[in-house]
Amino acid sequence: MDSLKILEQDAGQEIKVYLVSGRLDESTFPLFKEKVLDVTHANNTVLNLSDLKYVSSSGIRAIFELKNRLSGEGKKLLLTEAGEKVIQIFNLLGLWKPFVHFEKEEDAIAACLKN
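The sections below set out a description of the structure shown in this document. (Residues numbered from 1 in each chain as written. Predicted model: local features only at pLDDT ≥ 70, side-chain atom pairs only at ≥ 80, totals over all residues. Heavy atoms only, no water.)

Applying the stated criterion across every chain yields a total of 7 salt bridges. Taking the shortest distance from any N to any O, the salt bridge between Asp10 and Lys16 comes out at 2.9 Å. Assessed through its relative accessible area of 59%, Asp10 is described here as exposed. For Lys16, a relative accessible area of 15% translates into the label buried. When the shortest N-O distance is used, the salt bridge between Arg69 and Glu73 registers 3.4 Å. By relative accessible area, Glu73 is classed as partly exposed at 38%. (Salt bridge = Lys/Arg side-chain N within 4 Å of Asp/Glu carboxyl O. Buried < 20%, exposed > 50% of the residue type's maximum accessible area, 1.4 Å probe, protein only.)

Turning to helix H4 (residues 105–114), a few remarks are in order. Regarding H4, the residues found buried are Glu105, Ala108, Ile109, Ala111 and Cys112. End-on view of H4: buried residues confined to an arc of 155°, all on one side of the axis. Seen from the open side of H4, the exposed residues pointing more than 90 degrees away from its buried face are Glu106, Leu113 and Lys114. Buried residues belonging to H4 abut strand S1 (5–12), strand S2 (15–24), strand S3 (44–55), strand S4 (76–80) and strand S5 (100–102). (Helix = DSSP H or I, 4+ residues; strand = E, 2+ residues; numbered from the N terminus. Arc of directions from axis to C-beta. Contact = heavy atoms within 4.5 Å.)

From the geometry alone we can't say anything about function, so treat these as descriptive.
In structure tokens, the structure reads:
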């Protein structure tokens, strides 16, 4: 079983990138909450999902919670490099379209820099 790993990096003055890998589900939600949800955020947060192997409905709920929290603070969440399996799970729940998403992390960062 893959666990959840989260690598954090700054990609600009007001851009924070989180590389999320492994599984985001009920058992790994506490780590996501500690490392991503419960921190002070930059104006732009990018979740790079290229190494995310699985996301459950609990994981999607956690990402949605992050999106809603950031929106409430006038900040943005961008998703990038999600794999086909992850996108399928979002689509199955009808929850992919509300997110801003990019194929490449560089494109997400560039979009943050434009605003």
